[in-house]
Amino acid sequence: MLYLSSMRTSFLSLIGFLTFLGFSCGWNNASEKEVIRDSSITITTSYNPLFLDSVALQTFLESNGWAKAFSKQMNDFYTDRNFEFAWFDSSGLSEQAHHFYNLQNDYISRLSDSSLFNQQFQDLYTAFANKKAKQIVANKEVVNTELLFTAQFFVYAEKMYKGSNIQLADLGWYIPRKKVNLHALLDTVINKKVTEIINLAPVSLQYPRMEQWLFRLAEMQKLEVADSLPRLKKSLKSGDTSSLIPRIKNRLHFLQGDVLTSNNLFDTSLVIAIKKFQERHGIDEDGIIGNKVIEDLNVPVRKRMEQLLINMERARWMPSMQDSTYVLVNIPEFRLRVFEDGKNVLKMNVIVGSEANNSVIFNGNLQYVVFSPYWNVPESIVRKEILPAISRNKNYIAKHNMEITGYVNGLPQIRQKPGSNNALGRVKFLFPNNFNIYLHDTPNRNLFSQSNRGLSHGCIRIAEPKKFAEFLLRDQPQFTSTTMDSLMYLEKEKWVTLKKKIPVFLVYFTSWVDASGQLHFRRDIYKHDQKMAIKLFQP
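Residues numbered from 1 in each chain as written. Predicted model: local features only at pLDDT ≥ 70, side-chain atom pairs only at ≥ 80, totals over all residues. Heavy atoms only, no water.

### Things to note about the overall build of the chain
Right, on to step 1. Within the chain one finds 18 helices and 18 strands.
Right, on to step 2. Counting every position in the chain, which comprises 539 residues, the buried fraction comes to 49%.
Right, on to step 3. Carbon and sulfur atoms make up 50% of the accessible area of the chain, which amounts to about 27,100 Å² in all. (Helix = DSSP H or I, 4+ residues; strand = E, 2+ residues; numbered from the N terminus. Buried < 20%, exposed > 50% of the residue type's maximum accessible area, 1.4 Å probe, protein only. Areas by Shrake-Rupley, 256 points an atom, 1.4 Å probe, with all protein chains shown as cover.)

### Comments concerning the side chain of glutamate 313
Right, on to step 1. Residue placement: glutamate 313 occurs in helix 13 (residues 301-317).
Right, on to step 2. Glutamate 313 sits in the buried class, given a relative accessible area of 2%.
Right, on to step 3. Other than its neighbours up to four places away in sequence, glutamate 313 contacts Gly163, Ser164, Ile166, Met532 and Leu536. (Contact = heavy atoms within 4.5 Å.)

### Quick look at the pattern of salt bridges
Right, on to step 1. According to the stated counting rule, one finds 23 salt bridges in the structure shown.
Right, on to step 2. The shortest N-O distance in the salt bridge between aspartate 267 and lysine 249 comes to 3.7 Å. Here the residue aspartate 267 occupies a position in the loop between helix 10 (245-256) and helix 11 (268-281), and lysine 249 occupies one in helix 10, the gap between them amounting to 18 residues. For the pair formed by aspartate 267 and lysine 249, the shared burial category is buried.
Right, on to step 3. With its nearest N and O atoms 3.4 Å apart, the salt bridge here joins lysine 303 to glutamate 306. Linking lysine 303 with glutamate 306, this pair stays in helix 13, spanning 3 residues, or about one helical turn.
Right, on to step 4. The exposure class assigned to glutamate 306 is partly exposed, which follows from its relative accessible area of 22%.
Right, on to step 5. Here the salt bridges share partners, and the residues they tie into one network are Arg231, Glu295, Asp296, Arg304 and Arg523. (Salt bridge = Lys/Arg side-chain N within 4 Å of Asp/Glu carboxyl O.)

### A word on the packing of aromatic side chains
Right, on to step 1. The full count for this structure, using the stated rule, is 30 aromatic pairs.
Right, on to step 2. Ring centres of phenylalanine 70 and phenylalanine 154 lie 5.9 Å apart, and the angle between their planes is 25°; on these two criteria the pair is classed as stacked. Of this pair, phenylalanine 70 sits in the loop between helix 2 (54-63) and helix 3 (71-80) while phenylalanine 154 sits in helix 7 (residues 142-162), placing them 84 residues apart in sequence. Both residues of the pair, phenylalanine 70 and phenylalanine 154, count as buried.
Right, on to step 3. Put simply, the rings of Phe70, Trp87, Phe100, Tyr101, Phe121, Tyr125, Phe149, Phe153, Phe154, Tyr156, Tyr161 and Tyr207 pair up and form one aromatic cluster.
Right, on to step 4. A cation over a ring is seen here: arginine 110 above phenylalanine 215, with NZ or CZ 3.8 Å from the ring centre.
Right, on to step 5. Between the NZ or CZ atom of arginine 304 and the centre of the ring of phenylalanine 521, over which it lies, the distance is 4.4 Å. (Phe/Tyr/Trp six-rings, centres within 6.5 Å; stacked < 30°, edge-to-face > 60°. Lys NZ or Arg CZ within 6 Å of the ring centre and 35° of its normal.)

### Quick notes on the side chain of arginine 461
Right, on to step 1. With respect to the element layout, arginine 461 can be found in strand 15 (residues 460-462).
Right, on to step 2. Apart from residues lying up to four places away in sequence, arginine 461 is in contact with Asn349, Val350, Ile351, His440, Thr442, Leu447, Phe448, Leu455 and Ser456.

### Some words on the sheet that holds strand 10 (residues 402-408)
Right, on to step 1. Taken together, 3 strands build an open sheet; the order of strands is 9-11-10 and the sheet is antiparallel. Single-partner strands in this sheet number two, and they are strand 9 (375-376) and strand 10.
Right, on to step 2. One ladder, built from 2 bridges, connects strand 9 with strand 11 (residues 411-416); its direction is antiparallel. Across the sheet, asparagine 376 pairs through a bridge with arginine 415, a residue of strand 11.
Right, on to step 3. Against the sheet, helix 14 (residues 379-392) makes contact with strand 9, strand 10 and strand 11, and its axis sits at roughly 90° relative to strand 11, the strand it touches most. (Pairing = 2+ DSSP bridges. Axes fitted to C-alpha atoms, helices over the stretch in contact; angles between N-to-C directions.)

### Describing the packing of helix 3 against helix 7
Right, on to step 1. Axis separation between helix 3 and helix 7 bottoms out at 10 Å; the angle between their running directions is 125°. Judged on the interaxial angle alone, helix 7 and helix 3 are oblique. The two elements helix 3 and helix 7 cross, and the hand of that crossing is right-handed. Across from Gln73, Met74, Phe77 and Tyr78 in helix 3, the residues of helix 7 making contact are Glu146, Leu147, Thr150, Ala151 and Phe154.
Right, on to step 2. When its residues are assigned to classes, the contact of helix 3 with helix 7 shows 6 nonpolar, 2 polar and 1 charged. (Parallel < 35°, antiparallel > 145°, perpendicular 65-115°, else oblique. Left-handed = near helix turned anticlockwise from the far one by under 90°. Nonpolar A, V, L, I, M, F, W, Y, C, P; charged D, E, K, R; others polar.)

### Side note on a negative patch on the surface
Right, on to step 1. Taken together, Glu279, Asp284, Glu285 and Asp286 make up a surface patch of like negative charges.
Right, on to step 2. In this fold, glutamate 285 is placed in the loop between helix 11 and helix 12 (291-297). (Patch = residues over 30% accessible without salt bridge, like charges linked within 9 Å, V, L, I, M, F, W, Y side chains within 5 Å. Lys, Arg positive; Asp, Glu negative; His and termini not counted. Charge placed at Lys NZ, Arg CZ, Asp CG, Glu CD.)

Geometric descriptors of this kind do not, in isolation, establish any biological role.
This is the structure:
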């Protein structure tokens, strides 16, 4: 039966193919009958001429080497639809064909992005755009045009929703790349006649927000006037006057749309604009213009576009998580956010790994809350820090509330007991992983007020551990606020298992758009953006 079905499909495809080569004098309606005769058979069948066959597809792939990367998707797509055309219908080029062409052209023209430009695609679209059905049937390029549309759709969708073919581990990124089924995406676009492709693609909430800002930056770049502001010998604050202030006001108006006076007075409206700028760039929000503010004001829009493109690429890798509960730690922002049903319900400052001890970019499932934890000192810290300290002070172990629990190859195994000076504070949060990274409290509360909080050995210290524990244990009523207070002051650690594991993502975004639509930038503290720029922008 399968063999006969295949024979029938091939036969119908042959009829369609012959029709396109000019063996038909007109468009065939479904009600019309075509009689095929040879010396042995007579078949009467109804058909639509908009069919191709696997031979035509393979010929196309061999002639267009760039499309071979999508050979499986194209074969699967046309096999599933019995090799019926997708981009043509009884009126000519379909509505979806026109929409996709305009969508891609809009992206190319707004960003001057030549990576998606295909001259043959442009030429064939122009050739068929206004042709009627009979003209199309008689055109030998119709098969090539159909296949070119499909291949170009896969090129576009892969770039926009899946991302470049980069080895993520080379960039220190260990969150698995989100999977995008391009074949299924195209099926939905064609069969459901969907015009907003981005609504179908499994993208994060960030991605469409970033894309809209990318278009805005592209328009701003056309209007930008180069005006590099000099470094300051002394910071400017409210009430000051300076010949530089009008230039700063002009730059803020251009970048943020702030409506400011044109005089040289540092007035109240400028204080508000500066605080807004500082908040968007991760600078202490004191309303004072220092050299950090000047440096960020001087960054050209073109460089900000590149920074945004780098982070859009990262956003393509991320799962959508639009209706989920999860924890997100953005390393360059030094901030933890908790999302419940897609809404940000909790946020707090964090301390991340230093430039010498990068926090790893990965994901896991938060499973345990450990109150009054021991700190099992990592072997590297024992070798580099504790052993030298012991050689200088024999009482170092006792003084720091530590104990030796054994030896491995002559190296002491050291842990710090629960207490006020425990390096992990009063509670830690575990999501088992190969990197030995976790979230924890800290006795050094003063560090959370610093603007640059890249200070740890790699683990994430959080500013409000009790509030975080209360959220995690919200569906376990036996753990009241009072109970948690007592658990934080035990002599031995207490493990609590969550009823339901919660996904945790340690990510690296130096640019994003917040819920109010404001575009943010941060410094590339681990130089990951530099590595990405080489992959994305250099030949």
